[in-house]
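Observations on chain architecture
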Amino acid sequence: MSETFDVVILGGGSGGYATALRAAQLGLSVALIEKDKLGGTCLHRGCIPTKALLHAGEVADQTREAAHIGIKAELIQIDMAGVNSYKDGVVAGLYKGLQGLIKSAKVTYLEGKGTLVAPNAVEVNGQRVIGRNIVLATGSYSKSLPGLELDGERVIASEHALTLDRVPASAIVLGGGVIGVEFASAWKSLGADVTIVEALPRLVAAEDPDISKQLERTFRKRGIGFKVGKPFEKVEKTESGVKVTIAGGETLEAELLLVAVGRGPATANCGFEAQGVTMERGFVITDERLRTNLPNVYAVGDIVPGLQLAHRGFAQGIFVAETIAGQNPAPIVESGIPRVTYTDPEIASVGITEAQAKEKFGAEAVETYNYNLGGNGKSKILGTQGFVKLVRQKDGPVVGIHMIGARIGEQVGEASLIVNWEAFPAEVAALIHAHPTQNEALGEAHLALAGKPLHAHN
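Residues numbered from 1 in each chain as written. Predicted model: local features only at pLDDT ≥ 70, side-chain atom pairs only at ≥ 80, totals over all residues. Heavy atoms only, no water.

Along the chain, the regular secondary structure elements total 13 helices and 24 strands. Taken over C-alpha atoms, the radius of gyration comes to 23 Å for the chain, in line with the 23 Å a tight globule of 458 residues would show. Seen through its C-alpha atoms, the chain measures out along the principal axes to roughly 70 × 60 × 45 Å. Looking at the 458 residues of the chain, the share that counts as buried comes to 50%. When contacts within the chain are restricted to residue pairs at least 6 apart in sequence, those whose partners lie at least 24 apart make up 62%. Of the accessible surface of the chain, which amounts to about 21000 Å², a share of 51% is contributed by carbon and sulfur atoms. (Helix = DSSP H or I, 4+ residues; strand = E, 2+ residues; numbered from the N terminus. Rg over C-alpha atoms; globule rule 2.2 N^0.38 Å. Buried < 20%, exposed > 50% of the residue type's maximum accessible area, 1.4 Å probe, protein only. Contact = heavy atoms within 4.5 Å. Areas by Shrake-Rupley, 256 points an atom, 1.4 Å probe, with all protein chains shown as cover.)

Next up, the structure:
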């Protein structure tokens, strides 16, 4: 016996549960299918526990450095059991709240592995669930490299790193993207000796090159080692850990190797290809309205090519629910999605880089401005270095904002509004930014780009 719903969603992560909640809010009948835990990777093995770990590291660093501001404190030890308890408590509280939201929205929640068995049906636990609309939201998994096998002990992925009962004495992090630099930063703060290995010429290569330079400068100062432009060749297990060989024959030894080379789409054995869904390298191909090639079948989140961010999946879920309900929402602009990397210092950006702007508009049609946080009172109090970089179309709007510094991720909200509402520097300069805050660095940068710098040189 099968049951029919307006919307059947396969996957209960950020994209899937957002689709479910918004669709239910709009009066649609909804079935949500999840094989693991509601909330998906982000809540249980990604964003939330990682940031809790980073915060624990931040507290450790502040304790070590307390004497610099006249506070007598001593870091006695890192109690990983206590850190894990704190981290798991944060996750558990959010998980309980999310379960309550789904229940109160009267979404039919089905736990089990779902398989697409027809363009309008998903099978779970031997039950066929019919959907007038199907939304694919199966998320992603930690990738590795050919011939590099994860054992969960010495060669690990991020999900293993989050359950360690100790701080490793030393670690090699394979990959200098977001996941790699966040774990490197957290482990260093907690007392590990860390080296990052990155095949590309710079860390966080997806960011503006000025951001990479500042992060590398700060990582050197913090004692975080990194080898860029050095592809991985092989790993061997030793008595005490691992030995990693990189391009040029150089070897590095450590207690463990964290493989952080990105995330792949979790679409294998889900029935997508068998039902004729157009795929490419495991990703589900959609149009700008997130429709697949099959009628009334949509896809959201990490399985759709583009930025693999929880808030992107969340926004896509809302968009698809509103589309199904006939509201005709405006398509999501990928470049307008804010991005934050929670290292010390934090990185926050939205819009396009200077190089992308020059490619799009021509080198002569682009203006940039870097406002150094050295002139910002709150940043001085926090003891951070960094900058706010603005990229604008000459005589036109701001098309990119790129920031680095302690806690700077909290400023990405206004940056997102500026870029997405296509604000001109003079328009932002006219807004009053509270003093003393890091937020006023955004105001100061726009004042300067508008031709009237206050605490900066033009």
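With that settled, the discussion passes to the UniProt feature "binding site: FAD" (unreviewed entry) in the chain. As recorded in UniProt, the sites labelled "binding site: FAD" (unreviewed entry) are Lys51, Gly114, Thr138, Gly139, Ser140 and Asp302. In terms of the greatest pairwise C-alpha distance, the residues named above, spread along 252 residues, do not form a single cluster, extending to 30.0 Å across. Structurally, the position occupied by Lys51 is in helix α3 (residues 47-64). Summarising the element assignment, Asp302 is placed in the loop between β19 (297-299) and α8 (310-324). Setting aside chain neighbours within four positions, we find Asp302 in contact with Gly139, Ser140, Pro265, Phe283, Gln308 and Leu309. A polar atom in the side chain of Asp302 sits 2.7 Å from the side chain of Ser140. (UniProt positions renumbered as here; feature names shortened; annotations may be inferred. Polar contact = N/O pair within 3.5 Å; in protein donor to acceptor, adjacent residues only side chain to side chain.)

Let us now look at the side chain of Gln411. Along the polypeptide, Gln411 turns up in the loop between β24 (398-405) and α11 (412-420). Judged by relative accessible area, Gln411 falls into the buried class, the value being 13%. With near-sequence residues (within four places) excluded, Gln411 lies in contact with Met403, Gln438, Asn439 and Leu442.

Moving on: the packing of helix α1 (residues 14-25) against helix α4 (residues 80-104). Interhelical geometry of α1 versus α4 gives an angle of 35° and a closest axis separation of 9 Å. At the point where α1 passes α4, the crossing takes the left-handed sense. Two secondary-structure elements touch here, α1 through Tyr17, Ala20 and Leu21 and α4 through Leu98, Leu101 and Ile102. Taken together, the residues of the contact of α1 with α4 sort by class into six nonpolar, no polar and no charged. (Axes fitted to C-alpha atoms, helices over the stretch in contact; angles between N-to-C directions. Left-handed = near helix turned anticlockwise from the far one by under 90°. Nonpolar A, V, L, I, M, F, W, Y, C, P; charged D, E, K, R; others polar.)

Picture the strands of a sheet paired through backbone hydrogen bonds; they go either parallel or antiparallel. Pairing in this open sheet of three strands is antiparallel, and the strands run β12-β13-β14 from one edge to the other. Two strands lie at the open edges of the sheet, namely β12 (232-237) and β14 (251-254), each paired on one side alone. Sheet twist, expressed as the average angle between the axes of neighbouring strands with direction ignored, equals 20°. The sheet contact formed by β12 and strand β13 (residues 242-246) spans five bridges and is antiparallel. (Pairing = 2+ DSSP bridges.)

Applying the stated criterion across every chain, the model contains one disulfide. Paired through a disulfide, Cys42 and Cys47 show a sulfur-sulfur distance of 2.5 Å. Linking Cys42 and Cys47, the disulfide has an S-S dihedral of approximately -135° and is accordingly described as left-handed. The class for Cys47 is partly exposed, based on a relative accessible area of 28%. Counting only cysteine sulfurs, Cys42 is the nearest neighbor of Cys270, a cysteine outside any disulfide, at a range of 20 Å. (Disulfide = S-S within 2.5 Å.)

Mapped onto the fold, Ser140 is located in strand β7 (residues 140-142). Note: C-alpha distance between Ser140 and Gly13 (127 residues apart in sequence) is 9.9 Å. Excluding residues within four positions of it along the chain, Ser140 makes contact with Thr41, Arg263, Gly264, Pro265, Ala266, Asp302 and Gln308. Within the local environment of Ser140, its side chain forms a polar contact with the side chain of Arg263, the two groups lying 2.8 Å apart.

Here the focus is unusual backbone geometry. Cis geometry marks the peptide bond from Asp344 to Pro345, where omega comes out at 10°. Structurally, Pro345 can be placed in the loop between β20 (339-341) and β21 (346-351). For the peptide bond that leads from His435 to Pro436, omega is -5°, which places it in the cis range. In this structure, Asn125 is a non-glycine residue whose phi angle is positive, near 50°. You will see that Leu290, though not glycine, has its phi angle at about 65°, which is positive.

Counting residues in hydrophobic clusters, the biggest one holds 47 residues, and the most contacted among them are Leu136 and Phe272. Of all elements in the fold, only β1 (3-10), α1, β2 (30-34), α4, β5 (121-124), β6 (127-136), β19 and α8 reach the threshold of two or more residues within this core. With five residues, the top contributor of residues to this core is β1. Apart from residues no more than four positions distant in its own chain, Phe272 is found in contact with Leu10, Leu116, Leu136, Thr138, Thr267, Val277, Met279, Val284 and Ile303. (Core = buried A, V, L, I, M, F, W, Y, C linked by side-chain atoms within 4.5 Å.)

For the rest of this paragraph, the subject is the side chain of Ser185. You can see Ser185 is positioned in helix α6 (residues 178-190). A polar contact is formed between the side chain of Ser185 and the side chain of Arg222, at a distance of 2.8 Å. Among residues more than four places away in sequence, those in contact with Ser185 are Leu54, Phe219, Arg222, Ile224, Thr343 and Asp344.

Attention shifts here to α3. When the terminal C-alpha atoms of α3 are compared, their 26 Å separation across 18 residues agrees well with the 26 Å that a helix rising 1.5 Å per residue should span. Of all the residues in α3, the buried ones are Pro49, Thr50, Ala52, Leu53, Leu54, Ala56, Gly57, Ala60 and Asp61. Contacts made by the buried residues of α3 are with α2 (40-45), α4, α6 and α7 (209-222). (Expected span 1.5 Å × (residues − 1).)

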